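# Geometric and topological summary
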Amino acid sequence: PHPQQPLKNSTKVGICSSVLGEEWTANVVKSIDALVGSCVVLPCTVSHPGTYLSTSRLRGIWHRKDKSNEIFYHEDSTKILDSFKGRTRLLGNLGQNNCTLEIIQVKDHDNGPFCFRIELVRKDTNQPTKEKYSFVEKCADITMIHDKPQLKLGPIKTATQGKPYTLTCSVHHTCPSHLPQIKWSRERKDDDITEVHKHIHSGVWEAESILSFVPEEKDDESELTCTATFSGGIKSEAKFTLNVKRQQNYNHIIIPAVAVAATAVIFGLFCVLMVKKYNMWNRMSRLSLLQK
């Protein structure tokens, strides 16, 4: 049977037993951006004050706010709207209070709001009971994004020949189940690339690639390209022209100076030896005269 029309936030349809507690609650992301052609994940958590319930006792359903019979996700795929069949799934485990929904191949007409409902089922037959909870005041709105996400490069600075240089490429996204793949146009053997994924705030994530290398003189004015490929094959890129400052070479000053210093030392030693020789010759001449 189709679920009954919910009346208000956390509306209970049926009778709530004392074993299950008095109230169910759910938290769903209120608003989220979705890249058309890619995927989006709607974070959702659900809880109840009663005892633990296994996933086999629970059934999660996502439906349109004003038309609960228009279903975006159901474990029975025949109940799902034709336009959403094969494109939605629960990422979370209901027994662990996770009701997160994933939508792939996002289309322009994937409009909601998207609301979550949970039903208790009989363990032996998997048939629904009268315990049904809808959370129609905590639904998710999706804003469709057609423009390719902008990548952020930084820090933009001049590199120095022979000294380590680091450049970061990052992008925000809303599909942590299918992470963007970030690639660099420069991926040499000695280069080091590190990937970092961070949760920014509800439903929004950041993918980051950090490129570290030691620039050479030939890298001056070379173009570095960072490309992010999203689920669905959508690509976005950012380019940066690398300026490499040559390391100062003082050999043209040091070598002549060393040569002059060495020449001066040798000349000085020569002079000392000549003086000693002269003094010795002079003493020997005086001694010879005295003997005569």
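Residues numbered from 1 in each chain as written. Predicted model: local features only at pLDDT ≥ 70, side-chain atom pairs only at ≥ 80, totals over all residues. Heavy atoms only, no water.

### Overview of the pairing of strand β10 (residues 114–121)
The buried count for β10 comes to 8 of 8 residues, which makes it a mostly enclosed element. On β10, burial covers both faces: F114, F116, I118 and L120 on one face and C115, R117, E119 and V121 on the other are all buried. Relative to β10, strand β6 (residues 58–64) is paired through 7 bridges, and the arrangement is antiparallel. Of the residues in β10, the one forming a bridge with L58 is L120. Relative to strand β11 (residues 128–134), β10 runs antiparallel, the two sharing 4 bridges. Each residue of the ladder has a partner; that of V121, found in β11, is P128. In sequence, β10 turns back onto β11 through a hairpin of 6 residues, with N126 there showing a positive phi of about 60°. (Buried < 20%, exposed > 50% of the residue type's maximum accessible area, 1.4 Å probe, protein only. Helix = DSSP H or I, 4+ residues; strand = E, 2+ residues; numbered from the N terminus. Pairing = 2+ DSSP bridges.)

### Digging into the nonpolar core
With 32 residues, the main nonpolar core has W24, L42, W62, F114, F116 and I142 as its most contacted residues. A per-element tally of this core places β10 first, with 4 residues. Counting residues in each nonpolar core, the second largest holds 22 residues, with C169, I234, L242 and V244 among its members. (Core = buried A, V, L, I, M, F, W, Y, C linked by side-chain atoms within 4.5 Å.)

### A word on the pairing of strand β2 (residues 25–28)
Residues A26 and V28 of β2 are buried on one face, while the alternating residues T25 and N27, pointing to the opposite face, are not. Two strands pair when backbone bridges link them, and β2 and strand β5 (residues 44–47) are joined in this way by 4 bridges, in the antiparallel orientation. Among the inter-strand pairings, N27 is bridged to a residue of β5, identified as T45.

### Regarding the environment of V36
Here V36 lies in the loop between β3 (31–35) and β4 (40–42). Separated by 107 residues in sequence, V36 and T143 have C-alpha atoms that sit 9.6 Å apart. Ignoring any residue separated from it by four or fewer positions in sequence, one finds V36 in contact with V106, D108, M144, I145, H146 and I234. (Contact = heavy atoms within 4.5 Å.)

### Focus on the state of the cysteines
Counted according to the given criterion, the structure contains 4 disulfides. Here C39 pairs with C175 through a disulfide, and the sulfurs are 1.9 Å apart. Taking the sign of the S-S torsion, about -110° here, the bridge from C39 to C175 comes out left-handed. Placement of C39 in the loop between β3 and β4 and of C175 in the loop between β15 (165–173) and β16 (181–184) is noted, with a sequence separation of 136 residues between them. Of the two residues, C39 and C175, neither departs from the other in class, the shared state being buried. Each sulfur of the disulfide joining C44 and C99 lies 1.9 Å from the other. On the S-S bond that ties C44 to C99, the torsion sits near -80°, and the link is left-handed. Note that C44 is positioned in strand β5 and C99 in the loop between β8 (88–90) and β9 (101–103), a separation of 55 residues in sequence. You can call C99 buried: its relative accessible area is 0%. By sequence order of its bonded cysteines, the protein has the disulfide arrangement 1-7, 2-3, 4-5, 6-8. (Disulfide = S-S within 2.5 Å.)

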